[in-house]
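Coordinate inspection notes
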Amino acid sequence: MDATVRYSILGTVRALRGDTELDLGPPKRMALLALLLLRAPGPLALSEAVDILWDDEPPPSAANVVHRHIGALRRTLEPELRSRSQAAHLVRAADGYRLPADTSTSDLLCFRDLRARAQLALKGGTPARAAQDFMAALRLWRGPVVAAGTHVARHPVFTSVGHEYVATVKEAADAVLRAEPALTEEVLAALRRAVECHPFDEALHCRIIAALAATGRGGEALEQFEAVRRGLADELGVEPGPELRAAQQHLLQRRAVGVHRRPPARQPAVSGVPSQLPADCASFAGRQRVLSQCLELLPLEGESRPLTTTAVVCGMAGVGKTTLAVHWGHMVADHFPDGRVYVDLRGHHPSRPPLEPSAAVAEVLDALAVDRAPLRPSAAALGSAYRSALAGRRLLLVLDDAADCEQVRPLLPAAPGCLAIVTSRRRLEGLAVTDNARIVTLDPMTREEGLELLDRRLGADRTRAEPAAAAEIVELCGGLPLALAVAGARALTRPSLTLTSLAATLQDPVGGLAALSGHDARTDPRDAFHRSYAALGDSAARLFRLLGLHPSRDITVPAAASLAATDLRQTRQDVAELMDHHLLVELVAGRYTCHDLLRAYATELSELLDEADARSAALARMFEHYLHSAEAATALLAPHRGTVTLPPARRGVTPQRFAGRADAAEWIVAERYLLPELARSLGPTGEAFRRQLTSALEMCVTPR
């Protein structure tokens, strides 16, 4: 009988003599063999075996139990053994036992040997050989868990071997992607097995993205990044780290480089290739998720879906729309060999009126060197010449700061080889309806993106010297790139100004916005906000000003109606107008949020333009709105506790209406911070009013 026994620990614990699998007995005996294999060819101390095999305090008989299991294992491994002194498979050591395995009989020892050989091959300059050895090592694993099926598999001595597996997968992926592409699918499978047990290991995800990109699956790679980004945000509350962001940036660039294009049909009427994009922003930071959405508009080589010809980047003033559009344009510029044309539509210019559509068309034709002399001076003639000039070309158009849909429509290319990137403070949803435009909403930066921007503006040494202050500046600027850039410029031009002092200045509720203001209309946040405000109708403008009186960042339509003393229909129209100009956003259905800096600006405007009596009346209506709404919720949620007798609501107050108990409870949860704050904010003159609100609150906040 063949006496050779081969052992497996990388996965379930197994022992085979020839082709026959041995019965290793009960779980504790199998766990003991796993420990022996882990320490082989060295000894396993009896004390270590006892400590690991018993999770809690071991019984007095623990050592004897180990001895009995050792005897049973000897009989399993060497059934013809007459004396333990003659044992060849399980021998006594000085303070325990030893299993004299080697690379030919232990998968763990073989794995470590192959990994060591692969590492030597890398040092020796033969990465292809290293890739082969790494993959051979990984093939020995039947799963990423060591000694699976035993109760000791999660003990640190075994999980540390699992970390060896993860490290080897990473090394193998690097070697395969570098020198042995034929093994990419196999290493991708290993990466996915590893990430199942380590879902937040960003280095694994980076390599999965790289492997998918290497096999031409750019779309799937982008989905992988989005999945891990969501997982990190949902489970840990963090954004992807630098390595994962760099992997995504590399993927986006690779996707841009791999864009399929047909040879352009050049027109003899056009001479020269315009390249008018403004300079890319040297401190560009973050925005990887949005860039991923943008680059999805460009098909990879081999993809047959048509190229979307228009993308609209919209968002509030100062959120970085132009910076993103120009950066995106530079990323994909090489794929538009017939030129890159930039047109400032001046939709919200500080001193000049919006550019007429015909003038914008003429600018593009001039950039393409189309002779306009023979054209009749009519919009129809210009439009016809424009469409003819773009036909058959691959042209990139950046149409910056559009005032509305009508200003943009004549400029949108019909040819599938062209791409128009439009930026606007308006949502321009009409372009999605009539021109199949992709609307990309640009939100303020996340905390991590804002810190990255400050790093690039000020230098990492300065921000890391005061990390708490840097984070506070990002928060006080509301993640708004314009505000962050201005704050960074303040700190950069005043080296003696600490970030802590700058944060304290920005924290001033009265002077915070003033601290960001300057004499340059292009970079003054207050001036930028004003140009959005100036485009509003009278009713929406009044509501915007009064929002500064509201103590919370978000508001419902009935609360807004009470604040402004307008009916619900008019208020909905005003809210829709504010949303269209990105002065409000609907982050939660039915609740409309105003950016903190915008609220500060609204407060300034209201103090300047609204009479004191009008402001006082608006505040009184707001208090009565919440008082009567809270009482209505009480009547539904706790009718048995009675109600508070309230005076009739004054004219213009529109209390919240509830469809039922669930609706009322949802409202209470949403307003759980605002209502007590309102009660506390009433001064001595409103003591009776405060008592009524507090009484209603006491019945509302603990519904039964």
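First, a word on scope: everything that follows refers to the structure included in this document. (Residues numbered from 1 in each chain as written. Predicted model: local features only at pLDDT ≥ 70, side-chain atom pairs only at ≥ 80, totals over all residues. Heavy atoms only, no water.)

The next thing to look at is the environment of Leu252. Looking at the secondary structure, you find Leu252 in helix H10 (residues 242-257). Along the backbone, Leu252 and Gln288 are 36 residues apart, and their C-alpha atoms lie at a distance of 8.6 Å. (Helix = DSSP H or I, 4+ residues; strand = E, 2+ residues; numbered from the N terminus.)

Here we take up empty space enclosed by the protein. Using the criterion set out here, one finds 1 cavity of 30 Å³ or more in the structure. There is about 40 Å³ of room inside the largest cavity. Taken together, the residues of the lining of the largest cavity sort by class into 5 nonpolar, 2 polar and 2 charged. (1 Å grid on protein atoms, 1.4 Å probe; cavity = no way out; pocket = protein on both sides within 12 Å on 5 of 7 lines; lining within 4 Å. Points joined across faces, edges and corners; volume = space filled by probe spheres on them. Nonpolar A, V, L, I, M, F, W, Y, C, P; charged D, E, K, R; others polar.)

Further remarks concern the packing of helix H19 (residues 467-476) against helix H21 (residues 499-507). Between two packed helices, what matters for the description is the angle formed by their axes and the separation of those axes. The N-to-C vectors of H19 and H21 enclose an angle of 25°; their axes lie 9 Å apart at closest approach. Comparing their axes, H21 and H19 come out roughly parallel. Crossing handedness for the pair H19 and H21: left-handed. Where H19 approaches H21, its residues Ala469, Ala470, Glu472, Ile473 and Leu476 are matched on the opposing element by Leu499, Thr500, Leu502, Ala503, Leu506 and Gln507. Here the contact of H19 with H21 is built from residues that sort into 8 nonpolar, 2 polar and 1 charged. (Axes fitted to C-alpha atoms, helices over the stretch in contact; angles between N-to-C directions. Parallel < 35°, antiparallel > 145°, perpendicular 65-115°, else oblique. Left-handed = near helix turned anticlockwise from the far one by under 90°. Contact = heavy atoms within 4.5 Å.)

As a further point, take helix H9 (residues 218-236). Spanning 19 residues, H9 covers 26 Å between terminal C-alpha atoms, matching the ideal 27 Å at 1.5 Å per step. Residues of H9 that are buried: Gly218, Ala221, Leu222, Gln224, Phe225, Glu226, Val228, Arg229 and Leu232. Of the residues one or two after H9, Gly237 is the one with positive phi, at around 70°. (Expected span 1.5 Å × (residues − 1). Buried < 20%, exposed > 50% of the residue type's maximum accessible area, 1.4 Å probe, protein only.)

Time to look at the pattern of salt bridges. In this structure the tally under the stated criterion is 28 salt bridges. For the salt bridge of Asp133 with Arg117, the shortest nitrogen-to-oxygen distance reads 3.9 Å. On the criterion of sequence distance, the pair formed by Asp133 in helix H5 (residues 127-138) and Arg117 in helix H4 (residues 107-123) is long-range, its members being 16 residues apart. Under the relative-accessibility criterion, Asp133 is labelled buried at 5%. According to the relative accessible area criterion, Arg117 is partly exposed, its value standing at 41%. We note a salt bridge from Arg139 to Glu186, for which the minimum N-O separation is 2.7 Å. Here Arg139, found in the loop between H5 and helix H6 (156-179), pairs with Glu186, found in helix H7 (residues 184-197); they are 47 residues apart in sequence, far enough to count as distant. What makes Arg139 partly exposed here is its relative accessible area of 45%. You can call Glu186 partly exposed: its relative accessible area is 29%. Where salt bridges share partners, they join Asp113, Arg117, Arg129 and Asp133 into one cluster. (Salt bridge = Lys/Arg side-chain N within 4 Å of Asp/Glu carboxyl O.)

Paired through their backbone hydrogen bonds, the strands of a sheet run either parallel or antiparallel. Taken in spatial order, the 3 strands line up as E4-E6-E5 in an open sheet, and their pairing is antiparallel. At either end of the open sheet lies a strand with only one pairing partner, and these are strand E4 (43-45) and strand E5 (91-92). Looking at chain direction, E4 and strand E6 (residues 96-98) are connected through 3 bridges and run antiparallel. The partner of Ala45 across the bridge, within E6, is Gly96. The strands touched by helix H1 (residues 27-39) are E4 and E6; relative to E4, the strand with the most contacts, the crossing angle is about 130°. Lying on the sheet, helix H2 (residues 46-53) is in contact with E4 and E6; it crosses E4 at an angle near 65°. (Pairing = 2+ DSSP bridges.)

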